[in-house]
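Summary of structural features
Residue strings, one per chain:
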Amino acid sequence: MSKIIAFTGSNSSTSINDQLLQYTLNSLVKASVDYIDLKTLSIPIFSEDIEKSLGIPDDIKSLKAKIDVASALIVAVNEHNGAMSAFFKNITDWLSRTDPKYLQDKKILLLATSPGEGGAKFCLDYTIGNFEKFGGTIVDHFSLPSFQNNFSKSGLSDDYAQGLKDSVSNFENDLNPA
């Protein structure tokens, strides 16, 4: 069985993207996943001066080690002004300093949601390009617009439930081909 890790690019304790991620993790059929709470990491804002004087933060080294042993990732990204949040961008900036191909050979399922009708699609596009630049392979992605209207603890609205199920199935089948 593939080793999968999952995390959310948000540092909000009430992140709707984390809620979508947790719901998705509970819907996996063929895989088990280790969830990493990025909010617990202690990471300064990236700076070449900090890197030169203090080196790579220990929490980044630890996260990189977890990525290294994983064969796949499930990542939920939140959109701030059309891109990933500054919190998550900072983490990816530090990770790229450990290895410019820190996602090499990693299969990735991307998720995103937003309160608005866009469903964080700009962020998804940005993150796809960002992750591919660092060697990752995006197996599938899913966008959920209007989170409050289309999500509840019991499931997604009928308009989006099948889409998420298909994305998860595509991801699992890619990891464990028949």
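All figures in this text were calculated on a predicted structure; none of them were measured in a lab. (Residues numbered from 1 in each chain as written. Predicted model: local features only at pLDDT ≥ 70, side-chain atom pairs only at ≥ 80, totals over all residues. Heavy atoms only, no water.)

Moving on, we come to the overall build of the protein chain. Looking only at helices and strands, one finds 7 helices and 9 strands in the protein chain. Scaling as 2.2 N^0.38, a compact globule of 178 residues should have a C-alpha radius of gyration of about 16 Å, and the protein chain matches this with 16 Å. For the protein chain, the spread of C-alpha atoms along the three principal axes comes to 55 × 40 × 25 Å. Looking at the 178 residues of the protein chain, the share that counts as buried comes to 49%. Looking at the protein chain alone, contacts between residues at least 24 apart form 80% of all its contacts between residues at least 6 apart. Total accessible area on the protein chain stands at roughly 8,700 Å², and carbon and sulfur atoms take up 49% of it. (Helix = DSSP H or I, 4+ residues; strand = E, 2+ residues; numbered from the N terminus. Rg over C-alpha atoms; globule rule 2.2 N^0.38 Å. Buried < 20%, exposed > 50% of the residue type's maximum accessible area, 1.4 Å probe, protein only. Contact = heavy atoms within 4.5 Å. Areas by Shrake-Rupley, 256 points an atom, 1.4 Å probe, with all protein chains shown as cover.)

Quick look at the environment of Gly163 now. The topology assignment puts Gly163 in helix H7 (residues 158-175). Judged by relative accessible area, which is 31%, Gly163 ranks as partly exposed. Counting along the chain gives 68 residues from Gly163 to Leu95, while the straight-line C-alpha distance between them is 31 Å.

The next point concerns the side chain of Asn17. By the secondary structure assignment, Asn17 is in helix H1 (residues 16-26). If near-sequence neighbours (up to four positions away) are discounted, Asn17 is found in contact with Thr8, Ala76, Val77, Asn78, Leu111, Ala112 and Thr113.

Time to look at the packing of aromatic side chains. Per the stated rule, a full pass over the model turns up 6 aromatic pairs. Relative to Phe151, the ring of Tyr23 has its centre 5.7 Å away and its plane inclined at 85 degrees; by these criteria the two rings are edge-to-face. On the criterion of sequence distance, the pair formed by Tyr23 in helix H1 and Phe151 in strand E8 (residues 151-152) is long-range, its members being 128 residues apart. Exposure remark for Phe151: the relative accessible area of 11% places this residue in the buried category. Summarising the aromatic geometry, the rings of Tyr102 and Phe134 are spaced 5.1 Å apart at their centres and angled 35 degrees between planes, so their arrangement reads as tilted. Residue Tyr102 is found in the loop between helix H4 (86-98) and strand E6 (107-113), and its partner Phe134 is found in the loop between helix H5 (121-133) and strand E7 (137-144); the two are separated by 32 residues along the sequence. (Phe/Tyr/Trp six-rings, centres within 6.5 Å; stacked < 30°, edge-to-face > 60°.)

So, about the pattern of salt bridges. Taken as a whole, this structure holds 8 salt bridges when the rule is applied. Across the pair Lys89 and Asp93 runs a salt bridge, and its minimum N-O distance is 2.6 Å. Residue Lys89 and its partner Asp93 are both found in helix H4; the two are separated by 4 residues, about one turn of the helix. A relative accessible area of 28% places Lys89 in the partly exposed class. Between Asp174 and Lys107 there is a salt bridge; the shortest N-O distance is 2.8 Å. One end of the pair, Asp174, is in helix H7; the other, Lys107, is in strand E6, with 67 residues separating them in the sequence. Among the residues examined, Lys107 registers a relative accessible area of 28% and is labelled partly exposed. In this structure, a network of salt bridges that share partners links the residues Lys64, Asp68 and Asp99. (Salt bridge = Lys/Arg side-chain N within 4 Å of Asp/Glu carboxyl O.)

The side chains of a regular strand alternate, residue by residue, between the two faces of the sheet. The pairing of E6 with E7 spans 7 bridges and is parallel. Paired with Leu109 across the strands is Asp140, a residue of E7. Remark: the E6/H5/E7 crossover connection has right-handed handedness. (Pairing = 2+ DSSP bridges. Right-handed = clockwise from strand over helix to strand, strands pointing away.)

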